[in-house]
Amino acid sequence: MNELSFPSGLLALTFGVVVGSFVNVLIHRLPLMVMQAHEAAPESEVGLDICQPASHCPNCHTPLRAWHLLPLLSYVWLKGRCNFCQHPIGVIYPLIETVTGLLWLACAWRWGLTPSALSWACFATSLLALSVIDWQTTLLPDALTQTLLWTGLIASSMRWIALPLDEAVWGAAVGYTSLWLVAFVFEQITHQEGMGAGDFKLFAALGAWLGPVPLIPLVFLASMSGMLVGIALKARGQLHEGRYVPFGPFLAMAAGLLVVFGPNTALQWLGL
Ligand SMILES: [Zn+2]
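Residues numbered from 1 in each chain as written. Predicted model: local features only at pLDDT ≥ 70, side-chain atom pairs only at ≥ 80, totals over all residues. Heavy atoms only, no water.

Caption draft 1: Here's a closer look at the overall build of the chain. A tally of regular secondary structure across the chain gives 10 helices and 0 strands. The order of helices and strands in the chain, counted from the N terminus, is α-α-α-α-α-α-α-α-α-α. Taking 2.2 N^0.38 as the reference for a compact globule, 272 residues should give roughly 19 Å; the C-alpha atoms of the chain span a radius of gyration of 20 Å, in line with that estimate. For the chain, the spread of C-alpha atoms along the three principal axes comes to 55 × 50 × 35 Å. A total of 272 residues make up the chain; the buried ones form 39% of that total. Counting contacts in the chain only where the partners sit at least 6 residues apart, residues at least 24 apart contribute 65% of the total. Summed over its atoms, the accessible surface of the chain is roughly 15500 Å², and 67% of this surface lies on carbon and sulfur atoms. If the 10 positive side-chain charges of the chain are averaged to one point and the 14 negative ones to another, these points end up 12 Å apart. (Helix = DSSP H or I, 4+ residues; strand = E, 2+ residues; numbered from the N terminus. Rg over C-alpha atoms; globule rule 2.2 N^0.38 Å. Buried < 20%, exposed > 50% of the residue type's maximum accessible area, 1.4 Å probe, protein only. Contact = heavy atoms within 4.5 Å. Areas by Shrake-Rupley, 256 points an atom, 1.4 Å probe, with all protein chains shown as cover. Lys, Arg positive; Asp, Glu negative; His and termini not counted. Charge placed at Lys NZ, Arg CZ, Asp CG, Glu CD.)

Laid out in structure tokens, this is it:
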């Protein structure tokens, strides 16, 4: 742990909150862009990308002014309602900004204001965005999974993270191949698709950041927690027939636990 001074902590928190408002844009727009590429996007959203059109109210479509876009502050200032039509603004927006801010603060606290902290903050932010997108749409956009994989390899080669480069490369390869193999065998036996290619790419990316060995406790933790949540949702009648619980959020959560507690502690939890 580092002694984190108050100004440094405030800087990390503020920066994280600002990044969080960009995460909101990604969460809303990336799935629509993926659907567009497959010509499945709603007609009103055709031609959208990350920058175009400018942010607008989803209800009255009035473009927002600069002071409506201040992370967290605007939400508080506008009392959670659109300035033009008074339509409530989803609580997810300030929530994502707050969580991202806290993740950046936690990384600064753990690693100080260093490239390591920046690397892990980007890692955590990407996983947050991927989890929410997967939970809402069962999509894991390549734009995020592939970027996460390459940045893991680069962070390792630059020594920004403690993982040696050969382990990062093996982690990525083993991650992709192992989940692909599981899905292939599952499909041969049940003639059902169990996992999407997005899950393989996410697991490859996690391998690039964590190395091949921690992927073992990671996949155990993710499967077990995913299964428990699936059973709970089914018991409460919230999981409809033919729908499945997306795997991405559980992979992301397990990866977060491994970064915080280390793979050895995770193996102990599992009694291995
Ligand atoms: Zn409005």
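The discussion continues.
Caption draft 2: Broad picture of the domain arrangement of the chain. Domain parsing of the chain yields domain 1 (1–113) and domain 2 (115–272). For domain 1 versus domain 2, the distance between C-alpha centres works out to 24 Å. On the side of domain 2, 19 residues touch domain 1, which itself brings 18 residues to the contact. Taken over both partners, the interface formed by domain 1 and domain 2 buries close to 1500 Å², and the fraction arising from carbon and sulfur atoms is 89%. If you sort the residues of domain 1 by the area they bury against domain 2, Ile 27, Trp 104 and Trp 111 come out on top, with a joint share of 33%. Where domain 1 packs against domain 2, one counts 0 salt bridges. The tally of links between domain 1 and domain 2 comes to 1 residue pair in polar contact (both at pLDDT 80 or more). When residues of the side of domain 1 that touches domain 2 are traced back to their parent elements, those giving at least two are helix 1 (6–37) and helix 3 (92–111). Per-element tally for the side of domain 1 that touches domain 2: the top contributor is helix 3, with 9 residues. A breakdown of the residues in the side of domain 1 that touches domain 2 according to their chemical character gives 16 nonpolar, 2 polar and no charged. (Domains from an automatic or database assignment. Buried area = accessible area lost by both parts, 1.4 Å probe. Salt bridge = Lys/Arg side-chain N within 4 Å of Asp/Glu carboxyl O. Polar contact = N/O pair within 3.5 Å; in protein donor to acceptor, adjacent residues only side chain to side chain. Nonpolar A, V, L, I, M, F, W, Y, C, P; charged D, E, K, R; others polar.)

Caption draft 3: Highlighting the environment of Asp 142. The residue Asp 142 is located in helix 5 (residues 142–157) in this model. Owing to a relative accessible area of 38%, Asp 142 belongs among the partly exposed residues under this scheme. For the pair Asp 142 and Ile 154, spaced 12 residues apart in sequence, the C-alpha separation works out to 18 Å. Within polar-contact distance, the side chain of Asp 142 engages the side chain of Lys 201 at 2.8 Å.

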